[in-house]
Amino acid sequence: MLLRILLLCAVSAPVFAQANPDWIAPFPPHKIVGNVYYVGSKDLASYLITTPQGHILINSNLEASVPSIRENVERLGFRFADIKILLISHAHYDHCAGSALIKQLTGAKYMVMQGDASVVEDGGRSDFHYGQSRDFLFKPAKVDRVLHDGDEVRLGDVALTAHLTAGHTKGCTTWTLQAREEGTGYRVVIVGSPNVNPGYKLVDNKGYPGIAQDYEHTFRVLKSLPCDIFLGAHGGYYGMMEKFARAGKAASNVFVDPEGYRAYVADREQVFRAELVRQQSVRR
């Protein structure tokens, strides 16, 4: 039965490859720092955080991604079945469509920020922007714990903090944790998404009246977070492929990039503010 499920997922992969081939293109799983590992594709990021008591997975990605995520976890020497907690960055299908299947295969507890929990449970139908588009819907999944801003998710000696960074979705979540490697502590930030998608209405949005204010809050939060290692929902946020190519050749950890984090947040804020001004001027 398990093999049949995974084969069905693999068959559906070409559909998504037409939209963005990098979403399902395989990429070598790799250690980022301490007990934090990358197990996603060439672009869709998925992170495994390991503990002796089981593991935490952030982002299930597409349903077609699940076989690759499983393979990557096992290539690193861990058991896929040991995933105890499933988290996401936000409730868009490219980051959470595989959640129902991962829950089925592992029995993991699914924990989602309040603003996105209903979207996850209705398969995207209540999404403020994409809910009426069949191409963006996905298999619903039951949420086992609804999170709120500042909540901690704990497993063993690992604690992640959920920061509400809404706008991209109503429950978009940036995750922070402390990782240790060779006696050094690292502050890890996994950005949910500060991006304004094409077609998003920042002004007079009846489905999301507070969207602009939520983006404003998000940038205040992101600028306040101390960051040593910058990660995100897409590998492109933090230059994953370029950094991976340098890994093993540099004397220090290539993923340590506080300057890159600050530059990324500043760039995304500038883009948001320019789009907000443009929409406000059109309104006049």
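Rules behind the numbers
- Residues numbered from 1 in each chain as written.
- Predicted model: local features only at pLDDT ≥ 70, side-chain atom pairs only at ≥ 80, totals over all residues.
- Heavy atoms only, no water.
- Helix = DSSP H or I, 4+ residues; strand = E, 2+ residues; numbered from the N terminus.
- Buried < 20%, exposed > 50% of the residue type's maximum accessible area, 1.4 Å probe, protein only.
- Contact = heavy atoms within 4.5 Å.
- Phe/Tyr/Trp six-rings, centres within 6.5 Å; stacked < 30°, edge-to-face > 60°.
- Expected span 1.5 Å × (residues − 1).

Draft legend 1. Molecular detail of the environment of Lys42. Considering the arrangement of structural elements, one finds Lys42 in the loop between strand S2 (36-38) and strand S3 (47-51). Accessibility expressed as a relative area gives 32% for Lys42, which makes it partly exposed. Here the alpha-carbon distance between Lys42 and Gln279, two residues 237 residues apart in the chain, equals 33 Å. Each residue touching Lys42, except ones within four places of it in the same chain, is listed here: Asp22, Ala25, Phe27, Met240 and Met241.

Draft legend 2. Structural context of the packing of aromatic side chains. By the definition in use, this model includes 16 aromatic pairs. For the ring pair Phe128 and Tyr208, a centre distance of 4.8 Å and an interplane angle of 70° mean the geometry is edge-to-face. Remark: Tyr208 occurs in the loop between strand S11 (184-191) and helix H6 (211-224) and Phe128 occurs in the loop between helix H5 (114-121) and strand S7 (145-147); sequence separation between them is 80 residues. Here Phe128 matches Tyr208 in class, with each residue buried. Relative to Phe272, the ring of Tyr215 lies with its centre 5.2 Å away and its plane at 25°, an arrangement referred to as stacked. With Tyr215 in helix H6 and Phe272 in helix H8 (residues 258-283), the pair connects residues that are 57 residues apart, well separated along the chain. Here Tyr215 matches Phe272 in class, with each residue buried.

Draft legend 3. Spotlight on H8. Spanning 26 residues, H8 covers 38 Å between terminal C-alpha atoms, matching the ideal 38 Å at 1.5 Å per step. Every buried residue of H8 is accounted for by Pro258, Gly260, Tyr261, Tyr264, Val265, Glu269, Phe272, Leu276 and Gln279. For H8, the secondary structure elements touched by its buried residues are S11, H6 and strand S12 (229-232).

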